[in-house]
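Single-letter residue listing:
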Amino acid sequence: MNYDFFNDHRIVPVVVLNKAEDTVPTLTAMEKGGIRVAEITFRTACAAEAIKIACEKCPGMLVGAGTVINAKQCEAAIAAGAKFIVSPGFDNGVFDVCVKNDVPYVPGVVTPTEIMNAVNKGLTILKFFPAGVFGGLKALKAMSAAFPGIRFLPTGGVDETNAPEFLAQKFIIGVGGSWMMKGSVEDIENACRRAAQLVK
């Protein structure tokens, strides 16, 4: 599993699409704003279709699937073209599908036990979710001391105001969030532009 894409995409927008026809306008606005990665969530019925459309119509975007909670969803996401898979927690079925297809898997963790389980599967990049509820940066600093080889993708409670503080830490590979995905396509483009500047 190759996670090198995080070197270029340190802000990973969580994209909820309720209608497949919103896919191209939304991702086009993101790309215009300087964000070229989209984690399209499986919270909606059109998720797989949206991922397929995104991969076909927005070739400049790196498209992955989020909120993937079982093997069936994972298979559908990868069949649609998803280049990475993100889960709120760890699932063995999702892990197995990702390994079989050589697709990067970023499962959610909160506790040291959950981190150890993921580490013992060979994973070194983990989503910390929901970061805001479970101690944020202070908790991650403590975790990183115990797990020096792990890099985290905090999501949930990360926004424009605190993202720079997270991104400044060596154990943070990137941040996820939906703060830049609100409002009209113009709002999204402008918010993505500001988000892209946070990395620079």
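Preceding this paragraph is the structure being described.
Residues numbered from 1 in each chain as written. Predicted model: local features only at pLDDT ≥ 70, side-chain atom pairs only at ≥ 80, totals over all residues. Heavy atoms only, no water.

1. Quick look at the overall build of the protein chain
On a plain count of helices and strands, the protein chain comes out with 8 helices and 9 strands. Relative to a compact globule of 200 residues, whose C-alpha radius of gyration would be 16 Å, the protein chain shows 16 Å and is just as compact. Residues counted as buried form 51% of the 200 residues belonging to the protein chain. In the protein chain, once contacts between residues fewer than 6 apart in sequence are set aside, the share between residues at least 24 apart is 57%. Within the structure as shown, the protein chain displays about 9100 Å² of accessible surface, and the carbon and sulfur contribution to it stands at 52%. (Helix = DSSP H or I, 4+ residues; strand = E, 2+ residues; numbered from the N terminus. Rg over C-alpha atoms; globule rule 2.2 N^0.38 Å. Buried < 20%, exposed > 50% of the residue type's maximum accessible area, 1.4 Å probe, protein only. Contact = heavy atoms within 4.5 Å. Areas by Shrake-Rupley, 256 points an atom, 1.4 Å probe, with all protein chains shown as cover.)

2. A few points about the pairing of strand β7 (residues 125-128)
Across the two faces of β7 the burial is the same, with Ile 125 and Lys 127 and Leu 126 and Phe 128 all buried. Of the pairings in the sheet, the one linking strand β6 (residues 108-109) to β7 comprises 2 bridges and is parallel in character. Within the sheet, the bridge partner assigned to Gly 108 lies in β7 and is Lys 127. Taken together, β6, helix α5 (residues 112-119) and β7 form a β-α-β motif whose crossover is right-handed. In this structure, β7 lies alongside strand β8 (residues 151-154), joined through 4 bridges in parallel fashion. Bridging from a neighbouring strand, Lys 127 pairs with Leu 153 of β8. (Pairing = 2+ DSSP bridges. Right-handed = clockwise from strand over helix to strand, strands pointing away.)

3. Some details on the pattern of salt bridges
Two side chains that carry opposite charge are able to pair once their charged atoms sit near each other. Across all of its chains, the model carries 3 salt bridges by this definition. Between Arg 194 and Glu 160 there is a salt bridge, and its shortest N-O distance comes to 2.8 Å. Taken together, the residues span a long stretch of sequence, with Arg 194 in helix α8 (residues 185-199) and Glu 160 in the loop between β8 and α7 (163-167) at a distance of 34 residues. With a relative accessible area of 42%, Arg 194 lands in the partly exposed category. Measuring nitrogen to oxygen at the nearest pair gives 2.8 Å for the salt bridge that ties Glu 189 to Arg 193. With Glu 189 and Arg 193 both in helix α8 and 4 residues apart, the pair spans about one turn of that helix. Owing to a relative accessible area of 34%, Arg 193 belongs among the partly exposed residues under this scheme. (Salt bridge = Lys/Arg side-chain N within 4 Å of Asp/Glu carboxyl O.)

Such coordinate-based values are descriptive only and should not be taken to indicate function.
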